[in-house]
Amino acid sequence: MKKPVPFLFLTMLLSGSLAIAQVKNPVVDNIVKEATENSQLELLGHELMDVIGPRLVGTPQMQKANDWAVNKYKGWGITARNEKWGEWRGWERGITHVDMVYPRVRTLDAMQLAWSPSTPRRGVTAELVLIPDVQDSVAFQRWLPSAKGKLVMISMNQPTGRPDYNWQEFATEESFARMKEERSAQTQAWRDRINKTGYNTRTLPAALEKAGAAGIVMSNWSNGFGVNKIFSAYTKKIPTIDISLEDYGMLYRMVEHGDKPQLRVQAESKNLGTVPTFNTIAEIRGTEKPEEYVMLSAHFDSWDGATGATDNGTGTIIMMEAMRILKQVYPNPKRTILVGHWGSEEQGLNGSRSFIEDHPEVVKNLQALFNQDNGTGRVVNISGQGFLHAYDYLGRWLSAVPREITSKIETNFPGTPGGGGSDYASFVAAGAPAFSLSSLSWSYGTYTWHTNRDTYDKIVFDDVRNNAILAAILVYMASEDPETTSRERIVMPLNPRTGEQMTWPAQRQPTRSGGQE
Ligand SMILES: [Zn+2]
């Protein structure tokens, strides 16, 4: 998911605006009690992150996660199913092992990118070279044959592995300013170097592959200590490897100084052809208004640099735990309660957009949807997403939530409709009242989001528990509400930059078949 957009409208603290006396509600009390005394979050987190692992679309681990969730729900007496929404290029990550073998031996902190082609079993051993700083694309074409048999480094060398907050704390003002200036100049120079080849960062690996390079070597630093982002490879036959900033910088300096370092790269993976892809849907049937729906929502897939613990393992286990609790303490809801664990959010909200196309009856009769997808933190923001009367019903539902939870939440009513940040936006675009339970950052953008450090140990279980209670109570209140929610929209504001009238985000089609060559 993308980082949250700034809020445009009036912002207020709920504790102030909802100074209504809280009425004792036994269902709410039981939700809190079950969540606190019988939490399954740690177990769910362990089984999903440690045992199943990352959930890249098209991998066997994604399928395992789908099956695991269905079985968990069945074990709790909740109806669940995997719904096929499309198909994707099937791929399975194998081991990555990268060693410097010349001029000395050193095992490196490296990882192949998602969908990287495999090396032969014994690996490849080759010399490292840098993308040259050529005059123009003609000169680059003349250089290209010399890439044959080489491992080509395509990322710039970061001048510091220390995050800016660390410089801010310890550097003199002058040296911090100088470092930033040098880094900007270096970043621009590297951009120019890539541009002069006549390719971009997406097409360059393919050109190098065609020229017979042995592999692509890069480093996508995430601006924190020891952390890189791991996305997909653009090569079709040769491996693409990400190397940690520390090791990449060492190799870069060695190449520049003529030390001619050599690596042995073993990066195994399996191409699995085309595989079907699923959303996991679970349901507690309504008793009075079964054709009306309240939904919980969180994407199930992840990138595979680590185990997708905070993107979006935590959103996933919040929704599973909320469903488990609701089944325990509120087994006969007025409206039907659904949860959507979406596939392929990371490639463009594909699972949720497919569900919307496939289930117009749910979208039409959706009372409300609650999505969570920005890390492990406790919820601190809820926007009305541009639904004019969101305050009326969300305010009503939030008033039943314990103060220690709502006192941390800023609300923004009516707000403006969210863009493409996460799956709630798919529903907002379809005109259905869907909301994002937006979390405190816990350094999400730098340290865990799409990184090789997004692991179980980063989960803050107290905050996740807080969110499971919040989600369960909101669903209970939305289900019980005698009124059907209004879908009336705000008059869209003017774009502050262009002065033009903004429009409600358009509904977009999912990619139902992806990753194929
Ligand atoms: Zn996400």
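Residues numbered from 1 in each chain as written. Predicted model: local features only at pLDDT ≥ 70, side-chain atom pairs only at ≥ 80, totals over all residues.

Asks: An account of the overall build of the protein is requested, with residue identities and associated values reported.
Replies: What the protein contains, in helices and strands, is 17 helices and 16 strands. Taken against the 2.2 N^0.38 rule, which gives 24 Å for 517 residues, the C-alpha radius of gyration of the protein at 25 Å falls within 12% of a compact globule. Its C-alpha atoms put the protein at 75 × 50 × 45 Å along the principal axes. Across the 517 residues in the protein, those meeting the buried criterion constitute 46%. Long-range pairs, those at least 24 residues apart, make up 84% of the contacts in the protein with a sequence separation of at least 6. (Helix = DSSP H or I, 4+ residues; strand = E, 2+ residues; numbered from the N terminus. Rg over C-alpha atoms; globule rule 2.2 N^0.38 Å. Buried ≥ 20, exposed ≤ 12 C-beta atoms within 10 Å, placed from the backbone. Contact = placed C-beta atoms within 7 Å.)

Asks: Break down the nonpolar core for me, with residues and values.
Replies: Formed by 122 residues in total, the largest nonpolar core has its most connected members in Ala 322, Ala 471, Ala 472 and Val 475. No other element matches helix H17 (residues 461–480), which puts 12 residues into this core. If you count residues domain by domain, this core takes at least three from each of domain 1 (12–90 + 274–492) and domain 2 (104–260). Sequence-distant contacts of Ala 322, that is, excluding residues within four places in its chain, are made with Leu 296, Ala 468, Ala 471, Ala 472 and Val 475. (Core = buried A, V, L, I, M, F, W, Y, C linked by C-beta atoms within 7 Å. Domains from an automatic or database assignment.)

Asks: How would you summarise the pairing of strand S12 (residues 366–371) if you had to cite specific residues and measurements?
Replies: Here S12 lies mainly inside the structure; six of its six residues are buried. The pairing of strand S10 (residues 289–299) with S12 spans five bridges and is parallel. Bridge pairing in S12 links Val 294 to Ala 368. For S12 and strand S15 (residues 434–439), the ladder comprises three bridges, and the chain directions are parallel. (Pairing = 2+ DSSP bridges.)

Asks: Requested: an account of the packing of helix H10 (residues 309–329) against H17, with residues and values cited.
Replies: At their nearest, the axes of H10 and H17 sit 8 Å apart, and the two run at 50 degrees to each other. Considered as vectors, H10 and H17 are oriented oblique to each other. Here H10 runs over H17; the crossing is right-handed. Between H10 and H17, the residues in contact are Thr 314, Ile 317, Ile 318, Met 319, Glu 321, Ala 322, Ile 325 and Leu 326 and Val 464, Asn 467, Ala 468, Ala 471, Ala 472, Val 475 and Tyr 476, respectively. (Axes fitted to C-alpha atoms, helices over the stretch in contact; angles between N-to-C directions. Parallel < 35°, antiparallel > 145°, perpendicular 65-115°, else oblique. Left-handed = near helix turned anticlockwise from the far one by under 90°.)

Asks: Outline the pairing of S15, listing residues and values.
Replies: Among the six residues of S15, six are classified as buried, and the element is accordingly described as predominantly covered. Judged by which residues are buried, S15 turns out to be covered on both faces: Ala 434, Ser 436 and Ser 438 on one side and Phe 435, Leu 437 and Ser 439 on the other are all buried. With three bridges joining them, strand S13 (residues 379–383) and S15 adopt antiparallel strand pairing. What sits directly across from Val 379, in S15, is Ser 439.

Asks: Run through the domain arrangement of the protein, naming residues and quoting values.
Replies: According to the domain assignment, the protein consists of domain 1 (12–90 + 274–492) and domain 2 (104–260). Taking only C-alpha atoms, the centre of domain 1 and the centre of domain 2 are 38 Å apart. The interface of domain 1 with domain 2 comprises 11 residues on the first partner and 12 residues on the second.

Asks: Account for the environment of Arg 121, naming residues and giving values.
Replies: You can see Arg 121 is positioned in the loop between strand S4 (110–112) and strand S5 (124–130). In this structure the C-alpha to C-alpha distance between Arg 121 and Ala 267, which are 146 residues apart in sequence, comes to 8.2 Å.

Asks: Tell me about the packing of helix H2 (residues 26–37) against H10, residues and numbers included.
Replies: Interhelical geometry of H2 versus H10 gives an angle of 130 degrees and a closest axis separation of 10 Å. It follows that H2 is oblique to H10 by the angle criterion. Considering how the two elements wind past one another, H2 and H10 form a crossing that is right-handed. The segment H2 lies against H10, with Val 27, Asn 30, Ile 31, Glu 34 and Ala 35 engaging Ile 325, Gln 328 and Val 329. Grouping the constituent residues of the contact of H2 with H10 by class yields five nonpolar, two polar and one charged. (Nonpolar A, V, L, I, M, F, W, Y, C, P; charged D, E, K, R; others polar.)

Asks: Break down unusual backbone geometry for me, citing the residues and quoting the values.
Replies: At the junction of Tyr 102 and Pro 103, the peptide bond is cis and its omega measures out at 5 degrees in the coordinates. Secondary-structure assignment places Pro 103 in the loop between strand S2 (79–102) and strand S3 (106–107). Following Phe 413, the chain continues to Pro 414 via a peptide bond in cis, the omega torsion being -5 degrees. In this structure, Pro 414 sits in the loop between strand S14 (410–412) and helix H15 (424–429). Positive phi is not limited to glycine here, since Trp 115 has a value of about 65 degrees.

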